Amino acid sequence: MKLIKHLFIVLPILLLAFSCESDDNGPSFANNVLVVNEGNFFSAEGSISGYNIGTKISELGIYESVNGFAPATTIQALIKNNDDFILIGNNPDKIELLSSSLVLSTSINTGFNTPYSFASAGDKGYVTNWGTYNTATFGYDNSSIVVIDLVNFTILKTIPWDNQPQHVLASNNKIYISNVNSNSISILDPENDEITGS
C-alpha cells in the first residue's frame, strides 16, 4: 500500500530531432530524451526533465528552468505536435501549448474534465476526458472528447462520450479513440467529428 501511495509514473518520450539553437532559452543540450514525471496523485507537482543520450548528462526541471515556474499540474502526457509540444494536465485540468524548447506559449484552463491524451488532425486537436470520478461506482461520469482549434488554441466543441476515453491516435484522416469501459476503439471522422465505426 505504501508503494502505491508513493507511486509516480515516468513516461519517456524519445525526441530524435529535438535540438536548441545557441540563442535559444530552452534546454542546454540536444538529442534529449524527455522524461515526464506525473507527480504524486492530487499533488499537482508534475515535472519534465531531460537526458542527453550522447553526453549522459541529465537536466532536471527543464520546464521550470525555461519558464521560471513549475507546470503546477499532474502531467498525463507531453505530446510532440509539429514543432511544438502539447502538455496535458489534470488537477488542475489544463492543456498547454509549449514551444520546441518547452517555453509556455498559451494554455486553456477551463472546459476539460480530467483530460488524458491528445492527437491532432490538421488544425484540430482532440483531447480525451475521463470525466468526473464517481465514488459510488468507482468509475467516471460525463466523459467527453474536447475538440480544439490549434490555430487560435481555443475549444471548438465538446463531444459527449458514453465510455471512458483514454488514448487517442490520428491516422489516415481518422481519429481512433480507445474506450476503457468497453474494451473497444471508436473511429471519429475529423471532417465532421462524427463516429463512423468501432
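Bear in mind that the values here come from a model prediction, so they are computed numbers and not experimental data.

## With respect to the overall build of the protein
Line of reasoning, step 1. In terms of regular secondary structure, the protein is built from 2 helices and 18 strands.
Line of reasoning, step 2. When burial is assessed residue by residue, the protein has 44% of its 198 residues classed as buried.
Line of reasoning, step 3. In the protein, the share of contacts with a sequence separation of at least 24, taken over all contacts with a separation of at least 6, comes to 37%.
Line of reasoning, step 4. Total accessible area computed for the protein in this model is approximately 10500 Å², and 53% of it derives from carbon and sulfur atoms.

## Examining the sheet that holds strand β9 (residues 115-121)
Line of reasoning, step 1. The 4 strands are arranged β9-β10-β13-β14 in an open sheet whose pairing can be described as antiparallel. Edge strands, defined here as strands with exactly one partner in the open sheet, are β9 and β14 (154-160). Each neighbouring strand pair of the sheet contributes to a mean axis angle of 25°, computed without reference to strand direction.
Line of reasoning, step 2. Strand direction decides the pairing type here: strand β10 (residues 124-129) and strand β13 (residues 144-149), joined by 6 bridges, are antiparallel. The residue of β13 that forms the bridge with K124 is D149.

## Here's the deal with the confidence of the model for the protein
Line of reasoning, step 1. For the protein, the average pLDDT comes to 84, and 84% of its residues sit at 70 or higher.
Line of reasoning, step 2. Counted against residues more than four places away or in other chains, residues 1-26, with its pLDDT under 50, gives 40 contacts.

## Let's talk about the pairing of β13
Line of reasoning, step 1. Within β13, 6 of the 6 residues are buried, which leaves it mostly tucked inside the rest of the structure.
Line of reasoning, step 2. Because side chains alternate across β13, one face comprises the buried residues S144, V146 and I148, and the other comprises I145, V147 and D149, equally buried.
Line of reasoning, step 3. Pairing between β13 and β14: 6 bridges, direction antiparallel. When the sheet's bridge partners are listed, I145 is paired in β14 with I159.
Line of reasoning, step 4. Hairpin connection, β13 to β14: the antiparallel pair is bridged by 4 residues, and F153 has positive phi, about 50°.

## Some remarks on the pattern of salt bridges
Line of reasoning, step 1. Using the criterion set out here, one finds 3 salt bridges in the structure.
Line of reasoning, step 2. Of the charged contacts, one joins E96 and K94 as a salt bridge, the two residues approaching to 2.9 Å between their closest N and O atoms.
Line of reasoning, step 3. With a shortest N-O distance of 3.0 Å, D193 and K157 are connected by a salt bridge. Taken together, the residues span a long stretch of sequence, with D193 in the loop between β17 (184-189) and β18 (194-197) and K157 in strand β14 at a distance of 36 residues.
Line of reasoning, step 4. Connected through shared salt-bridge partners, K124, K157 and D193 make up one network.

## Regarding the side chain of K124
Line of reasoning, step 1. Mapped onto the secondary structure, K124 falls in strand β10.
Line of reasoning, step 2. Among the polar contacts listed, one links the side chain of K124 to the backbone oxygen of P190, at a separation of 2.6 Å.

## What about unusual backbone geometry?
Line of reasoning, step 1. A cis amide bond links N91 to the next residue, P92, at an omega of 0°.
Line of reasoning, step 2. In this structure, P92 sits in the loop between β6 (84-90) and β7 (94-98).
Line of reasoning, step 3. Backbone geometry places K56, a non-glycine residue, at a positive phi of 60°.
Line of reasoning, step 4. With respect to the helices, strands and loops of the structure, K56 is situated in the loop between β3 (47-52) and β4 (58-59).
Line of reasoning, step 5. Positive phi, normally seen in glycine, also occurs at N173, with a value near 60°.
Line of reasoning, step 6. Secondary-structure assignment places N173 in the loop between β15 (165-171) and β16 (174-179).

Analysis parameters
- Residues numbered from 1 in each chain as written.
- Predicted model: local features only at pLDDT ≥ 70, side-chain atom pairs only at ≥ 80, totals over all residues.
- Heavy atoms only, no water.
- Helix = DSSP H or I, 4+ residues; strand = E, 2+ residues; numbered from the N terminus.
- Buried < 20%, exposed > 50% of the residue type's maximum accessible area, 1.4 Å probe, protein only.
- Contact = heavy atoms within 4.5 Å.
- Areas by Shrake-Rupley, 256 points an atom, 1.4 Å probe, with all protein chains shown as cover.
- Pairing = 2+ DSSP bridges.
- Axes fitted to C-alpha atoms, helices over the stretch in contact; angles between N-to-C directions.
- pLDDT = per-residue confidence, 0-100.
- Salt bridge = Lys/Arg side-chain N within 4 Å of Asp/Glu carboxyl O.
- Polar contact = N/O pair within 3.5 Å; in protein donor to acceptor, adjacent residues only side chain to side chain.

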